[in-house]
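Structural description and commentary
Given next are the chains, with one letter for each unit.
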Amino acid sequence: MSHTQSSYQAKPVDAQGFASYTDEENQVWQELYQRQIQIIQGRACDEYRTGLEQLQLPQDRVPQCPEVSKVLQAATGWVLEPVPALISFDRFFSLLANRRFPAATFIRRKEDIDYIQEPDIFHEIFGHCPMLTNPAAAEFTHTYGKLGLNATHEERVLLARLFWFTVEFGLINTEAGLRAYGGGILSSMSETVYCIESTKPERRPFEVLSALKTAYRIDEIQPIYYVLDDFKQLYQLVEMDLMGLVQGLTLNSPDPGHPC
């Protein structure tokens, strides 16, 4: 999502959509990848793991957007769109509405390797792209973009909560136990472990009105997670009158506050 300021700057891409990364940046990707691939074992859902296998991401260098797009497009019709470090909400929703997932073409510095507030290319590709190979997640993200395109500021605040508690920080019940599917979780070393194993956070059964009413913070580990029973619930979200629910809430609460 968009942020107000960043110390990072995205790299320019050539006519084919390729960016040039330094050896140090490639090493950061390698360290992040090798560390996170171990941490997600037994904590990421099968759908995410299947998507990660499909993507066949390089381990020793930052992936290029066209490489990832080729796999996504064949699976669900999505592609990656190289973007600056910061984009507006208008552009964010417009991209999703057209099945284009924004990927800022920078990777965190070594001193920020454990945590970065901005969504970098590791977050976008390792965190989000595996689930974009899943039809239910891909369709929900597309619908979300279309809903946000013409929404008011107040409506977008509530929609951002829905995105946060599903696409970014969603959990799901499986036969093997609780698993993560949100990209904000699965690109974070600490959050991947915390969301599954800690007794501190509250884990609520997913209910759309409850999620829309729940504010969140982007600068702390999450105190609340919403848990799907299965991914059919994302299809149900696509089919329901989400904007009717959102507009009903904004009428009752004219200013729901900023999403983060």
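That block above? That's the structure.
In this text the structure is predicted, and so the values were computed from the model without any measurement.

Focus on the nonpolar core
By size, the foremost hydrophobic cluster in this structure holds 85 residues, and its most contacted members are Trp-29, Tyr-48, Leu-57, Leu-80, Phe-126, Leu-171 and Phe-231. Among the elements that make up this core, the one with the highest residue count is helix α7 (residues 153-168) (eight residues). Once you skip the residues sitting within four places of it in the chain, Phe-126 turns out to touch Trp-29, Tyr-33, Gln-36, Ile-37, Ile-40, Tyr-48, Leu-52, Leu-57, Ile-121 and Leu-186.

Considerations on the side chain of Arg-43
With respect to the helices and strands, Arg-43 occurs in the loop between α1 (23-39) and α2 (46-55). When residues no more than four places from it in sequence are discounted, the contact partners of Arg-43 are Arg-179, Ala-180, Thr-192, Val-193, Ile-196 and Glu-197.

Re helix α6 (residues 135-149)
Because an α-helix completes one turn every 3.6 residues, residues spaced three or four positions apart along the sequence face the same direction. Compared with the 21 Å implied by 1.5 Å per residue over 15 residues, the 21 Å span of α6 between its first and last C-alpha is a close match. Here α6 has its buried residues at Ala-136, Ala-137, Ala-138, Phe-140, Thr-141, His-142, Thr-143, Tyr-144, Gly-145 and Gly-148. Elements in contact with the buried residues of α6: α3 (65-76), α4 (89-97), β2 (100-104), α7 and α11 (232-239). Taking the backbone nitrogen of Ala-136 as reference, a side-chain oxygen 3.1 Å away marks Asn-134 as the first, capping residue of α6.

Considerations on the pattern of salt bridges
Pairs may arise between side chains of opposite charge once their charged atoms sit close together. A complete count under the given rule lists 14 salt bridges for this structure. Here Asp-114 ties to Arg-35 by a salt bridge, and the two come within 2.8 Å at their closest N and O atoms. A residue pair is termed long-range when its members are at least 10 positions apart, and Asp-114 in the loop between β2 and α5 (121-128) and Arg-35 in helix α1 qualify at 79 residues. Residues joined by salt bridges that share partners form a network here, namely Glu-81, Arg-91 and Arg-100.

Comments concerning the packing of α6 against α7
Their axes nearest at 10 Å, the elements α6 and α7 cross at an angle of 170°. Classified by the angle between their axes, α6 and α7 sit roughly antiparallel to one another. Between α6 and α7, the residues in contact are Phe-140, Thr-141, Tyr-144, Leu-147, Gly-148 and Leu-149 and Arg-156, Leu-159, Ala-160, Leu-162, Phe-163, Thr-166 and Val-167, respectively. When its residues are assigned to classes, the contact of α6 with α7 shows nine nonpolar, three polar and one charged.

Quick look at the environment of Ser-188
As for its placement among the helices and strands, Ser-188 is situated in the loop between α8 (183-186) and α9 (189-197). At 3.1 Å, the side chain of Ser-188 forms a polar contact with the backbone nitrogen of Glu-191.

What counts and what doesn't
Residues numbered from 1 in each chain as written. Predicted model: local features only at pLDDT ≥ 70, side-chain atom pairs only at ≥ 80, totals over all residues. Heavy atoms only, no water. Core = buried A, V, L, I, M, F, W, Y, C linked by side-chain atoms within 4.5 Å. Buried < 20%, exposed > 50% of the residue type's maximum accessible area, 1.4 Å probe, protein only. Helix = DSSP H or I, 4+ residues; strand = E, 2+ residues; numbered from the N terminus. Contact = heavy atoms within 4.5 Å. Expected span 1.5 Å × (residues − 1). Polar contact = N/O pair within 3.5 Å; in protein donor to acceptor, adjacent residues only side chain to side chain. Salt bridge = Lys/Arg side-chain N within 4 Å of Asp/Glu carboxyl O. Axes fitted to C-alpha atoms, helices over the stretch in contact; angles between N-to-C directions. Parallel < 35°, antiparallel > 145°, perpendicular 65-115°, else oblique. Nonpolar A, V, L, I, M, F, W, Y, C, P; charged D, E, K, R; others polar.

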